[in-house]
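# Working through the structure, step by step
Now for the letters of each chain:
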Amino acid sequence: MTTIHRPERAEGQWAVDGRAPLNPNEVFKAADNPLHVRERIEKTYARLGFDSIPPDDLHGRMRWWGIYTQRRQGIDGGRTATATPEELSDRYFMMRVRLDGGAITVRQLRVLADISDDFARGTADITDRQNLQFHWVEIENVPEIWRRLEAAGMRTTEACGDTPRVILGSPVAGISAEEIIDPTPVIQEIVARFIGDEDLANLPRKFKSAITGHPSLDVLHEINDISLVGVVHPELGPGYDLWVGGGLSVAPRLAERLGAFVRPDQAADVWLGTIRLFQDYGYRRLRTKARLKFLLAAWGAQRFREVLETEYLGYALADGPAPASSTLPADHIGVHSQKDGRHYVGLAPTVGRVSGGILRGLADAAEMSGARRIRFTPHQKVLVLDVPAEGVDTLIEQAGRLGLTASPSPYRRATLACTGIEYCKFAFVETKSTAANLIGELERRLAGVTLDRPITVHVNGCPNSCARIQIADIGLKGQLQKNPGGADEFAFQVFLGGGLASAARDDAGLGRTVRGLKVTADELPDYVERVTRRFLAERGGDESFADWAHRADEGSLR
Ligand code: SF4
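Worth saying up front: this structure is predicted, and the values here are computed from it rather than measured. (Residues numbered from 1 in each chain as written. Predicted model: local features only at pLDDT ≥ 70, side-chain atom pairs only at ≥ 80, totals over all residues. Heavy atoms only, no water.)

### So, the overall build of the protein chain
When you go through the protein chain residue by residue, the secondary structure sums to 18 helices and 21 strands. Since a compact globule built from 558 residues should have a radius of gyration of about 24 Å, the 23 Å found for the protein chain is in line with a globular shape. Across its three principal axes, the protein chain shows a C-alpha extent of roughly 65 × 65 × 50 Å. The proportion of buried residues among the 558 residues of the protein chain is 60%. The contacts of the protein chain with a sequence gap of at least 6 include a subset with a gap of at least 24, amounting to 69%. Counting every atom, the protein chain has about 21,200 Å² of accessible surface; 49% of that belongs to carbon and sulfur. Charge separation in the protein chain, taken as the distance between the mean sites of 69 positive and 74 negative side-chain charges, equals 3 Å. (Helix = DSSP H or I, 4+ residues; strand = E, 2+ residues; numbered from the N terminus. Rg over C-alpha atoms; globule rule 2.2 N^0.38 Å. Buried < 20%, exposed > 50% of the residue type's maximum accessible area, 1.4 Å probe, protein only. Contact = heavy atoms within 4.5 Å. Areas by Shrake-Rupley, 256 points an atom, 1.4 Å probe, with all protein chains shown as cover. Lys, Arg positive; Asp, Glu negative; His and termini not counted. Charge placed at Lys NZ, Arg CZ, Asp CG, Glu CD.)

### Some details on the UniProt feature "domain: Nitrite/sulphite reductase 4Fe-4S" (unreviewed entry) in the protein chain
With numbering matched to this structure, UniProt assigns "domain: Nitrite/sulphite reductase 4Fe-4S" (unreviewed entry) to residues 160–312 and 413–552. For residues 160–312, helix accounts for 30% and strand for 23%, while the C-alpha atoms at its two ends are 26 Å apart. (UniProt positions renumbered as here; feature names shortened; annotations may be inferred.)

### Looking at the packing of aromatic side chains
Under the criterion given, the structure shown has 13 aromatic pairs. Relative to W136, the ring of Y92 has its centre 5.1 Å away and its plane inclined at 70°; by these criteria the two rings are edge-to-face. Of this pair, Y92 sits in strand β2 (residues 89–97) while W136 sits in strand β5 (residues 132–137), and the two are 44 residues apart along the sequence. Y92 sits in the partly exposed class, given a relative accessible area of 21%. Three or more aromatic residues joined by ring pairs make a cluster, and in this case those are F194, F207, W271 and F278. (Phe/Tyr/Trp six-rings, centres within 6.5 Å; stacked < 30°, edge-to-face > 60°.)

### Describing the sheet that holds strand β17 (residues 415–417)
The pairing of strands in a sheet comes from backbone hydrogen bonds and takes either a parallel or an antiparallel form. Across the sheet, which stays open at both edges, the five strands sit in the order β17-β18-β19-β20-β21 with mixed pairing between neighbours. In the strand order of this sheet, the two ends are held by β17 and β21 (512–519), each with one partner. Within this sheet the neighbouring strands show an average axis-to-axis angle of 25°, counted without direction. Strands β17, β18 (457–460) and β20 (488–496) of the sheet are contacted by helix α15 (residues 432–445), whose axis makes an angle of about 165° with β17. (Pairing = 2+ DSSP bridges. Axes fitted to C-alpha atoms, helices over the stretch in contact; angles between N-to-C directions.)

### A short note on the domain arrangement of the protein chain
Taken as a whole, the protein chain is organised into domain 1 (179–327) and domain 2 (412–557). A C-alpha centroid distance of 30 Å is found between domain 1 and domain 2. Across the boundary between the two partners, domain 1 contributes twelve residues, which contact 13 residues of domain 2. In this assembly, domain 1 packs against domain 2 so that about 1,100 Å² is buried in total across both faces, 66% of it on carbon and sulfur atoms. On the surface where domain 1 and domain 2 come into contact, there are zero salt bridges. Put simply, domain 1 and domain 2 have one residue pair in polar contact (both at pLDDT 80 or more) between them. Partitioning the side of domain 1 that touches domain 2 into residue classes produces seven nonpolar, four polar and one charged. (Domains from an automatic or database assignment. Buried area = accessible area lost by both parts, 1.4 Å probe. Salt bridge = Lys/Arg side-chain N within 4 Å of Asp/Glu carboxyl O. Polar contact = N/O pair within 3.5 Å; in protein donor to acceptor, adjacent residues only side chain to side chain. Nonpolar A, V, L, I, M, F, W, Y, C, P; charged D, E, K, R; others polar.)

### Brief notes about the pattern of salt bridges
Tallied over the entire structure, the rule returns 47 salt bridges. E144 serves as the salt-bridge partner of R148, at 3.0 Å between the closest nitrogen and oxygen. In this pair, R148 and E144 are both assigned in helix α7 (residues 142–151), four residues apart and thus about one turn of the helix distant. By relative accessible area, R148 is classed as partly exposed at 23%.

### Examining the site of the ligand
Residues in close proximity to the ligand include C418, T419, G420, C424, F426, A427, G461, C462, N464, S465 and C466, which together make up its full environment. Its residues assigned to classes, the shell around the ligand comprises six nonpolar, five polar and no charged. (Near = heavy atom within 4 Å.)

### Quick look at helix α8 (residues 184–194)
Taken together, the buried positions of α8 are occupied by V186, I187, I190, V191 and F194. Projected onto a plane normal to the axis of α8, the buried residues spread over an arc of 130° and lie on a single side. Exposed side of α8, more than 90 degrees from the buried face: P185, Q188 and A192 are the residues found there. Looking at the buried positions of α8, the neighbouring elements they touch are β6 (164–169), β7 (207–212), β8 (226–233), β9 (237–244) and α9 (267–281). The positive-phi residue at the C-terminal boundary of α8 is G196, with phi of around 90°. (Arc of directions from axis to C-beta.)

### So, the sheet that holds β5
Reading across from one edge, β1-β2-β5-β4-β14 is the order of the five strands in this open sheet, with antiparallel pairing throughout. A single partner strand is all that each edge strand has here, and the edge strands are β1 (67–71) and β14 (353–355). This sheet shows a mean twist of 35° between the axes of neighbouring strands, independent of strand direction. As paired elements, β2 and β5 share four bridges and run antiparallel to each other. Its bridge partner lying in β5, V97 is registered against L132.

### Some points on unusual backbone geometry
Notably, L220 is not glycine yet its phi reads approximately 55°, a positive angle. Assignment of secondary structure puts L220 in the loop between β7 and β8. Judged by its relative accessible area of 8%, L220 falls in the buried class.

Here's what the structure looks like:
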């Protein structure tokens, strides 16, 4: 076993402290570039089977290719914190397909549908980072899945791990009449130049990117490590406003503007400079302090920009304007006109859960209506692009039969759920079916209630906040607690009134908690119904749920 020597106060910043690894993850990354595991999967593990995979590859490097062991069935949430990785891990894998900008064709959708049916027991989840995730994947089938994906122009490269993860992109890039700038060329350039580059495959932690040119601010730019947000510079024309250092999880922090304007031709190099800065200066001693947000918190925006410009770009960026607040819904649900006269249609699956059959049915429906392009969104939704006017009704009818509705209830529209205990090793509670049950109950109980905008409900299985606990109107964090009798009980801690500038709140920020407020899955429909009715009774004028929740008495929020 490698002994880790930690010099006093060293944070593990490569540019300051040198490259000696200070924690076990840094050890396995330094020992062999994690991207090299692909060759071993193809040549050895897929042939010899699960038991041939050594721990550092199984629990470490395989993530660099989007593959994670899924949770062993039957291990309840009470054992999440105490079981070893071996006990928690099943012999099956989650596989994440990175879909940068969420953009695929109908032909690619059919490939995903076939992989789901052939190798993943029909599973498929659209994530809130525009990826598609399969479950029940066996190591023996991984090379064939890669062959099919890559033949169709898709991949799993760096979909997980300490890497540049999928790049969120506006789902209406290039088609929306309201768009300030089309981010597609920048996303494509970054992916082509840098994804899979071994030099960028050992970051302190994950690195999340988001790029939009749409005024609805539809990629949650405040919670990514780097975001480029479309703006118009008074002299330089359309380009991007640069944000860095956002992230949620256990130490949530919203990103900050650097006040810098990025021309489209500079964007890929600014992205590279930022990720290299993170690679060199990010903290590698403690995994819990390694995300870029901690470096930004220590340095401040001004120093961050100076280092970026002087050490990585070699030139100064122009100062630039901030994006305007958005008054448009960012989920793109419903029927909308494109700038070319055709339409895009935003459809809502329930909490992102689909299947091979649904994906294939969607491909059929899209083709029947004359469409050939699909986009997944950061809200676990799916858009069908380029629908001619005469095809819209057909699409809506066919998609509706699949459970994908263009006019969802506010509850179906605005509820997200992470993977949860069904497959995730970090989870304490069930999320997807809890959320689906909640949606059904609210649709029934609040059928006669009118909401001028949906109340967002985000259901998370643990504090990691994959479904963004802290920025929902009602955020739910799964945890284990003791009930009054002293027995273990699974419940959700409640966060209220979170929001972002992209959700059109002037005082955008993180949700508040209420002392002692926890809700079990069984209590959840009663709780959300109660707090929704109280909001409607107590709100002033067109006050938002978030504004009300921040000023309401704790009693109103219980
Ligand atoms: Fe798993 Fe927790 Fe993320 Fe949910 S929030 S998917 S339980 S890590």
